[in-house]
Amino acid sequence: MMQQFTGFTQAGLNFLENVSLYNSKPWFEKNRGIYDNELVAPFRALVQDLADAMKLIDAQFEVKPAIGKTISRLHRDTRYSRDKSRYRSRLWITFKRPSQDWKEAPAFFFEISPDSYRYGLGYYCAPKKTMDILREQIRQDPADFLAVVKTCRKPFELVGESYKRPLIKEQAENIAQWYNKKSFAVMATSRHMEDIFQPGLTDKLRKGFKQLAPLYHYLMRVEFIKNIPE
């Protein structure tokens, strides 16, 4: 039986920091035990502890506590990248529906790096079609959209690249900040690393993800429209 989440450790963060310094297979093999015990194991426990709450948001979420399912891989795919570093210096979990196009669908996430952590809801890279449909939904009923995004209050903030020129002139700012995004996430970021050393991290994430659930359901309406055969 998997253990309950009790927190990450400084040893795990030190491992991630050292990845940037000693990014090689021999170094990793020498330190694999730290990776397995201080990072993978607590991530597995965290996923398990969050699973029931996430299933209440979407019964179709993948909640298997496994690398490649909910837990990110340490190895990087360097085929199309100028950065040929073998390993990442950050790790994360996601809750999303199983899909071949996982980068294009809305997902809840929690990520740690050596000196910060972040969590929230958003897209890895929203396709233009998704954002066009989202914009159309906003135009059709802006009041409905604004009611949904009221949930995106502190500790969360809207992030993501915007078009340099507004798509609609003289649009209200509370709409424009969403309307002009190319892709986006609603995210909380902190450098208070003591938070992730505590079992209370589970409750923080559970509460935050529940707060953002109305936005997730709105985005899934967009996904439904996107997948209607033309």
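Conventions used here
- Residues numbered from 1 in each chain as written.
- Predicted model: local features only at pLDDT ≥ 70, side-chain atom pairs only at ≥ 80, totals over all residues.
- Heavy atoms only, no water.
- Helix = DSSP H or I, 4+ residues; strand = E, 2+ residues; numbered from the N terminus.
- Rg over C-alpha atoms; globule rule 2.2 N^0.38 Å.
- Buried < 20%, exposed > 50% of the residue type's maximum accessible area, 1.4 Å probe, protein only.
- Pairing = 2+ DSSP bridges.
- Core = buried A, V, L, I, M, F, W, Y, C linked by side-chain atoms within 4.5 Å.
- Contact = heavy atoms within 4.5 Å.
- Phe/Tyr/Trp six-rings, centres within 6.5 Å; stacked < 30°, edge-to-face > 60°.
- Lys NZ or Arg CZ within 6 Å of the ring centre and 35° of its normal.
- Axes fitted to C-alpha atoms, helices over the stretch in contact; angles between N-to-C directions.
- Arc of directions from axis to C-beta.

### A closer look at the overall build of the protein
- A tally of helices and strands in the protein yields seven helices and five strands.
- Reading the helices (α) and strands (β) of the protein from amino to carboxyl end gives α-α-α-β-β-β-α-α-β-α-β-α.
- Whereas a compact globule of 230 residues would reach a radius of gyration of roughly 17 Å, the protein reaches 19 Å, a difference of no more than 12%.
- Taking the principal axes of its C-alpha atoms as reference, the protein extends roughly 55 × 40 × 35 Å.
- The proportion of buried residues among the 230 residues of the protein is 45%.

### Digging into the pairing of strand E3 (residues 116–122)
- Burial within E3 is extensive, with six of its seven residues counted as buried.
- In this sheet, E3 lies alongside strand E2 (residues 107–113) in antiparallel orientation, the contact comprising seven bridges. The residue bridging Ala107 from the neighbouring strand is Gly122, located in E3.
- Where E2 folds back on E3, the antiparallel hairpin that results is connected by two residues.
- In the sheet, E3 pairs with strand E5 (residues 185–190) via six bridges, with the strands oriented antiparallel.

### A look at the nonpolar core
- One finds Phe95, Phe108, Phe110 and Ile112 to be the most contacted residues of the largest nonpolar core, which totals 63 residues.
- If sequence neighbours within four positions are ignored, Ile112 has contacts with Phe8, Leu13, Leu16, Leu39, Phe43, Arg90, Leu91, Tyr117 and Ile196.

### Let's talk about the packing of aromatic side chains
- Overall, the coordinates contain 22 aromatic pairs when judged by the stated rule.
- Their ring planes at 65° and their centres at 5.5 Å tell us that Phe5 and Phe8 sit as a pair that is edge-to-face.
- On the accessibility criterion, Phe5 (3% relative accessible area) is buried.
- The ring of Tyr179 has Arg135 sitting right over it, with the charged end atom 5.9 Å from the ring centre.

### Considerations on the sheet that holds strand E1 (residues 91–95)
- Read from one edge to the other, the open sheet built from five strands follows the order E1-E2-E3-E5-E4, with strand pairing classed as antiparallel. Each edge of the sheet is formed by a strand with only one pairing partner; in this case those strands are E1 and strand E4 (157–159). Neighbour-to-neighbour, the strand axes of the sheet open up by a mean angle of 25°, direction not taken into account.
- Pairing analysis gives three bridges linking E4 to E5, with the strands arranged antiparallel. Looking across to E5, one finds that Leu158 is bridged to Val186.
- Against the sheet, helix H7 (residues 201–226) engages E1, E2, E3 and E5, with an angle of about 25° to E3.

### Focus on helix H5 (residues 142–149)
- When H5 is considered as a whole, its buried residues turn out to be Phe145, Val148 and Val149. Take H5 and look down its axis: the buried residues cluster within an arc of 90°, on one side only.
- Each element contacted by the buried residues of H5 is listed here: helix H4 (128–140), helix H6 (173–179) and H7.

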